[in-house]
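Chain and residue survey
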Number of protein chains: 2
Amino acid sequence: MLMRIDHVGIACENLDEKIAFYRSVFDVKVVAREINEEQGVEEAMLHVADGEGGGSYIQLLEPLGPDTPVGKFLARRGEGVHHIAYGVSDIVAAMEHIGGEGVRLLDKSPRHGAMGTSIAFLHPKDVGGVLTELVESPPRPS
Amino acid sequence: MLMRIDHVGIACENLDEKIAFYRSVFDVKVVAREINEEQGVEEAMLHVADGEGGGSYIQLLEPLGPDTPVGKFLARRGEGVHHIAYGVSDIVAAMEHIGGEGVRLLDKSPRHGAMGTSIAFLHPKDVGGVLTELVESPPRPS
């Protein structure tokens, strides 16, 4: 079911500063950057690797305000890992299986993620304290 | 420099229970399990994907006691993501570059990790609150 570690979502106070840090220290480049009003973040995807099932990224997240989920995360825990995302081939089938195992889905149906993906989050209390995201990549251009 | 997200290290209270959970919910299998006295953990590697640079894994960590680093992490923050590990081709060169950028290295030279790897940790305060590990895989059998 899991095809790859799609990305590690990292909450930060200042997106520009953190992008510059990752670029100089780890030599990774931004391949997408966008504001997601629905999730209350400005986010950047830094490319780590490509694989058969899609790419792997570091996702840097700066909250749009203190009352957003990532803003509250920063106030409570400070900068650090916010969530882990795994690539799946069929997100609807994965959600059905995982929900059937008793894990609560924070999204009842997939919603839009970065770079044309479909995403859904699982309840961290049901996944050992890890906010876990499923990602289905868009079909590759043929 | 970064070749892959090698693994996500997740701290847990009970390794057997968490392995069973990940197996049934995410259909991932244990490919290695060992006690690492030096790090004070019993750990299991659950296989997610293979790539050109090596595999990607979920690493589950149960502390050997409350006075170990992972034991203290659990007492302070509860179960959840403990660290992120990136695969590199040359860990000594990566450590030199990263140290030269002003990031403190928790290991002065590489030490032994799971499955024959060489590993080194970076100071989380210098990497935006993320305990970050570098992993160089052993040469593949030819």
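Residues numbered from 1 in each chain as written. Chains lettered and ligands numbered in written order. Predicted model: local features only at pLDDT ≥ 70, side-chain atom pairs only at ≥ 80, totals over all residues. Heavy atoms only, no water.

Time to look at the relation of the copies chain B and chain A. Taken as rigid bodies, chain B and chain A are interconverted by a rotation of 180° and an axial shift of 0.0 Å, the fit giving an RMSD of 0.0 Å. Those values place the two copies in the arrangement expected of a two-fold rotation axis. Judged by C-alpha distance, B:Gly51 is the residue of chain B that lies nearest the rotation axis, at 2.9 Å. Looking at the interface residues of chain B, 100% of them are also at the interface in chain A, so both copies use one shared face. (Least-squares fit on C-alpha atoms with pLDDT ≥ 70 in both. Contact = heavy atoms within 4.5 Å.)

Residue and element names in this part refer to chain A. With respect to topology, eight strands assemble into an open sheet ordered S2-S3-S4-S1-S5-S8-S7-S6, the strand pairing being mixed. Looking along the sheet, the strands with just one partner apiece sit at the ends: strand S2 (30–36) and strand S6 (111–112). Pairing of S6 with strand S7 (residues 118–122), which is carried by two bridges, proceeds in the antiparallel orientation. Along S7, the bridge assignment pairs histidine 112 with serine 118. (Pairing = 2+ DSSP bridges. Helix = DSSP H or I, 4+ residues; strand = E, 2+ residues; numbered from the N terminus.)

Taken as a whole, helix H3 (residues 91–100) of chain A has its buried residues at A:Ile91, A:Ala94, A:Met95 and A:Ile98. Projected down its long axis, H3(A) carries its buried residues within an arc of 100°, all on one side. Facing away from the buried side of H3(A) by more than 90 degrees, the exposed set consists of A:Glu96 and A:Gly100. Contacts made by the buried residues of H3(A) are with strand S5 (80–88), S7 and strand S8 (132–136) of chain A together with helix H1 (15–26) of chain B. N-capping of H3(A) is provided by A:Asp90, with a side-chain oxygen placed 3.2 Å from the backbone N of A:Val92. (Buried < 20%, exposed > 50% of the residue type's maximum accessible area, 1.4 Å probe, protein only. Arc of directions from axis to C-beta. Polar contact = N/O pair within 3.5 Å; in protein donor to acceptor, adjacent residues only side chain to side chain.)

To continue, consider unusual backbone geometry. All names here are of chain A. A positive phi angle is found at methionine 115, which is not glycine, with a value near 60°. With respect to the helices and strands, methionine 115 occurs in the loop between S6 and S7. On the basis of relative accessibility, which here comes to 31%, the residue methionine 115 falls in the partly exposed class.

Residues and elements named next belong to chain A. Most of strand S1 (residues 2–11) sits inside the fold, with nine of its 10 residues counted as buried. Of the pairings in the sheet, the one linking S1 to S5 comprises eight bridges and is antiparallel in character. Following the sheet pairing, isoleucine 5 is matched in S5 by tyrosine 86. Two elements, S1 and strand S4 (residues 54–63), share five bridges in a ladder whose sense is parallel.

All names here are of chain A. Buried within helix H2 (residues 69–77) are the following residues: Val70, Gly71, Phe73 and Leu74. Projected down its long axis, H2 shows its buried positions confined to an angular sector of 160°, all on one face. Turned more than 90 degrees away from the buried face of H2 sit Pro69, Ala75 and Arg76, all of them exposed. The elements touched by buried residues of H2 are S1, strand S3 (41–51), S4 and S5. At the C-terminal side of H2, glycine 78 shows a positive phi close to 80°.

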